[in-house]
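Residue strings, one per chain:
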Amino acid sequence: MGESSAAINALDRRSFLRAGFALGGAVAGASLLGACGGPGGSASGGGRKALSIGTVVVEETLNPMQEQYTTFQFNAFDSLVRQLRGAGEAEPRLAQEWTRKSDTVWRFKLRSGATFHNGAPVTADDVVFSITEVLAEQYALASLIPSVKEVRKVDATTVEVETSKPDPLLLSRLGQIFVVPKKEWESKGAEGFAKAPIGSGPFKIESFSVDRGIEFAAFDGFWGTKPKASEITLRYFSDPGAMASALEAGQIDAAQNLGAETIKTLANHDDLTVATDFSGNQNMFQLNTTKAPFDDVRVRQAAIKALDVKALIDTMTYGSGVLEDGQLPVEGVLGYSKELRRPAFDLEEAKSLLRSAGAEGAEIEIFGMSLYKKLYEAIGAQLKAAGFKPKINAVEVPVWVKTFRAGSDAHIFYRGASYTGIFDADRPFSHVSSSKKPFVEDAEWDDLMSAQQTELDKAKREQKLVECSKHLLDKSYVLYTYGAPTVGAHRKGVTGFDNSNGLMLRLDGVAKQEG
């Protein structure tokens, strides 16, 4: 039930840069990647004013099948449907309508008039090719559609998707699979296509540099509402501190994924607006219940009660983190329950539980990637106050990735969880019994997970997700902490800048007023 090898390889390939902001802090390095304008020169302006947005979410390739939840995918390409955070139902995109023919077969009717940037119409052949190619080559996006068994053309404008089992998240998953022109891909190959990508989204890609960023231009042939800006440059920065300085200096109009310290440092600028949102990064810590001392539920309860998470949120995120209140899903994620509450912070009770289990002075290892060492140290200090003897093992990202795959013998493992566009409790739940050395061996838990993963009735499934949360809480399997904020900011006069989607920015609604 864990991450696929394709997804983990993607993490390894990017050195997990995107995860470097779960604490709202900065990764190492202060150089400015896009210091001298956009990747392809200055924008011409035109009727809709051009603007520049800074980001530290750097892409190594513009292959839309080999990346997950990126700005370039959602703006230069399009999917059959789209279901972003907060949307109760999927919205039509390249598919104008769809029906569920059976528990495992969905039929999609394509929109008339949708074209690629080269003028070619989007056809059923393109849709079938795009999904089957992702699966055949096991690109990174394959990990999002593991249930897809077959994609077939019914006629020139109709496609069917068949799954191996009922999949309640299929529409959300398909909302992140982007359609490419079959002929262009086959003629150029994956590498050639990534150098000159052609999608059907509201923006065309004019230029790209792994050192400087991406230049987008509005696609006038887009089937839907036209973008509000004629041109947008997405400028790459290697450090959020340098990006904040560029924003203050007026070199960029907006910034995505700033460090938490900017909540404080930019607050006094009248010409800047700072926003903090929970957008999908979670600091998920799991207790190893297969070995001492956490094979004893009292010791697990002691660890949970020993954490003053509100203090961690104040210290690490300037109060902007979102409490994991006795459950992994936070508010805004399907499966969150207002009825569940985490055990109250109680240091004396934690000490008492540890004594009753005969585990005072228990030596425990906290294992995770070095990006979050400060958080491990803060948690370790609180556990030490309760009577544990913690050891911090903060390793480089490739080592963490390797351990994630192979399994760990640590007592507390930083698993993390990113919703990658699917704001559903299944995402963090899938980590609980994952890896080659699962920290939980529990048949009842496995049954609860299986039940929610095939339930197509949304209300019934939501209740089953809550039952999963209750089980985790009763068994004290998880060391609850917080969901991390994503910090963004924009200059006065910029409208439509939405930071709530985290790693991905929707650009079509962003604009800058004249003057």
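Located above this text is the structure these notes cover.
Residues numbered from 1 in each chain as written. Predicted model: local features only at pLDDT ≥ 70, side-chain atom pairs only at ≥ 80, totals over all residues. Heavy atoms only, no water.

Let's talk about the overall build of the protein
Note the cut-off: By the criteria applied, helices consist of DSSP H or I runs no shorter than four residues and strands consist of E runs no shorter than two, each listed in order from the N terminus. Whether a residue is buried, partly exposed or exposed follows from its accessible area with a 1.4 Å probe, protein chains only, as a fraction of its type maximum: under 20%, in between, or over 50%, in that order. The criterion used for residue contact is that any of the two residues' heavy atoms lie within 4.5 Å. Residue-level accessible areas treat just the shown protein chains as cover; the underlying method is Shrake-Rupley with a 1.4 Å probe.
Along the protein, the regular secondary structure elements total 15 helices and 22 strands. The burial tally for the protein puts 58% of its 515 residues in the buried class. Long-range pairs, those at least 24 residues apart, make up 73% of the contacts in the protein between residues at least 6 apart in sequence. A total accessible area of about 19,700 Å² is found for the protein, and carbon and sulfur atoms account for 46% of it.

Things to note about the sheet that holds strand 7 (residues 158–163)
Going by this rule: Here, any two strands with at least 2 DSSP bridges between them count as paired. Between N-to-C directions, angles span 0 to 180 degrees; the directions come from axes that are lines fitted to C-alpha atoms, helices contributing only their stretch in contact.
With antiparallel pairing, 4 strands are arranged side by side in an open sheet as 4-5-7-6. With partners counted over all chains shown, the strands left at the sheet margins are strand 4 (95–100) and strand 6 (148–155), one partner each. If you compare each strand with its neighbour and ignore which way they point, the axes differ by 20 degrees on average. Of the pairings in the sheet, the one linking strand 5 (residues 105–110) to strand 7 comprises 5 bridges and is antiparallel in character. In the strand pairing of strand 7, K109 is matched with T158. Contacting strand 5, strand 6 and strand 7, helix 3 (residues 124–136) crosses the sheet at an angle of about 165 degrees to strand 6.

Some remarks on helix 15 (residues 458–475)
Heads up, the condition is: Multiply 1.5 Å by the residue count of a helix minus one, and that product is the helix's expected span.
Under the 1.5 Å per step criterion, the end-to-end length of helix 15 is 26 Å for 18 residues, consistent within 8% with the ideal 26 Å. For helix 15, the complete set of buried residues consists of R461, L465, V466, C468, S469, H471, L472 and L473. A positive phi of about 55 degrees marks S476, the residue just after helix 15.

Considering the pattern of salt bridges
So the rule is basically this: What makes a salt bridge here is a side-chain nitrogen of Lys or Arg within 4 Å of a carboxyl oxygen of Asp or Glu, nothing more.
For the structure on display, the rule yields 21 salt bridges. Here R93 makes a salt bridge to D78, at a shortest N to O gap of 3.0 Å. Here R93 is found in the loop between strand 3 (91–92) and strand 4, whereas its partner D78 is found in the loop between helix 2 (71–76) and strand 2 (81–82), with 15 residues between them in sequence. By relative accessible area, which is 7% here, R93 ends up buried. Here K153 makes a salt bridge to D125, at a shortest N to O gap of 3.3 Å. With K153 in strand 6 and D125 in helix 3, this residue pair connects regions lying 28 residues apart in the sequence.

Brief notes about the pairing of strand 7
Counting buried positions over the 6 residues of strand 7 gives 6, a clear majority of the element. Burial along strand 7 is two-sided: T158, E160 and E162 facing one way and V159, V161 and T163 facing the other are all buried. With 6 bridges connecting them, strand 6 and strand 7 associate as antiparallel partners. Paired with V151 across the two strands is V161, which belongs to strand 7. Taken together, strand 6 and the strand that follows it, strand 7, pair antiparallel across an intervening segment of 2 residues.

Things to note about the environment of P227
Along the polypeptide, P227 turns up in the loop between strand 9 (213–218) and strand 10 (231–236). Given the relative accessible area of 2%, P227 is considered buried. Note: C-alpha distance between P227 and L507 (280 residues apart in sequence) is 7.5 Å.

Brief notes about the nonpolar core
Put simply, the rule reads: We define a nonpolar core as any set of buried Ala, Val, Leu, Ile, Met, Phe, Trp, Tyr and Cys residues linked to one another through side-chain atoms lying within 4.5 Å.
By size, the foremost hydrophobic cluster in this structure holds 65 residues, and its most contacted members are I53, L80, F108, I131, I214, F216 and I232. At 6 residues, the largest contribution of residues to this core is made by helix 3. Of all hydrophobic cores here, the second largest spans 43 residues; its members include A362, F367, V401 and Y414.

Points about the packing of aromatic side chains
Selection criterion: Any two of the Phe, Tyr and Trp rings considered here, Trp counted by its six-membered ring, make a pair once their centres fall within 6.5 Å; the pair's planes then place it as stacked at under 30 degrees, edge-to-face at over 60, or tilted in between. We count a charge as sitting over a ring when the NZ of a lysine or the CZ of an arginine lies within 6 Å of the ring centre and within 35 degrees of the ring normal.
Per the counting criterion, the structure on display carries 23 aromatic pairs. Both rings, one in Y139 and one in W185, keep their centres 6.3 Å apart while their planes meet at 80 degrees; by these two values the pair is edge-to-face. Taken together, the residues span a long stretch of sequence, with Y139 in the loop between helix 3 and strand 6 and W185 in helix 5 (residues 182–195) at a distance of 46 residues. Of the two residues, Y139 and W185, both sit in the buried class. Taking the centre distance of 5.0 Å and the plane angle of 45 degrees together, the rings of F222 and W223 count as tilted. By the ring-pair criterion, three or more aromatic residues cluster together here, those being F72, F77, Y139, W185 and F193. Over the ring of W223 we find R111; its NZ or CZ atom is 3.8 Å from the centre of that ring.

Concerning the environment of K374
Within the element layout of this structure, K374 appears in helix 11 (residues 373–386). A C-alpha to C-alpha distance of 9.6 Å links K374 and A394, two positions 20 residues apart in sequence.

Comments concerning the pairing of strand 8 (residues 203–209)
Taken together, the 6 bridges between strand 8 and strand 9 define a ladder with antiparallel strand orientation. Bridged to S209 within strand 9 is G213. Between strand 8 and strand 9, which pair antiparallel and follow one another directly, the connecting turn spans 3 residues.

Details of the environment of V297
One can find V297 in helix 8 (residues 297–306). A relative accessible area of 32% means that V297 is categorised as partly exposed. Considering only alpha carbons, one finds V297 and D474, 177 residues apart in sequence, at a separation of 9.4 Å. Excluding residues within four positions of it along the chain, V297 makes contact with K475 and S476.

Topic: the sheet that holds strand 19 (residues 478–479)
The strand order 16-15-17-13-19 describes an open sheet built from 5 strands, whose pairing is mixed. Only two strands of the sheet have a single partner each, and these edge strands are strand 16 (389–395) and strand 19. Pairing of strand 13 (residues 285–287) with strand 19 involves 2 bridges; the strand directions are antiparallel. By the bridge assignment for strand 19, Q286 is matched with V478. Contacting strand 15 (363–369), strand 16 and strand 17 (412–414), helix 12 (residues 397–406) runs over the sheet at an angle of about 110 degrees to strand 15.

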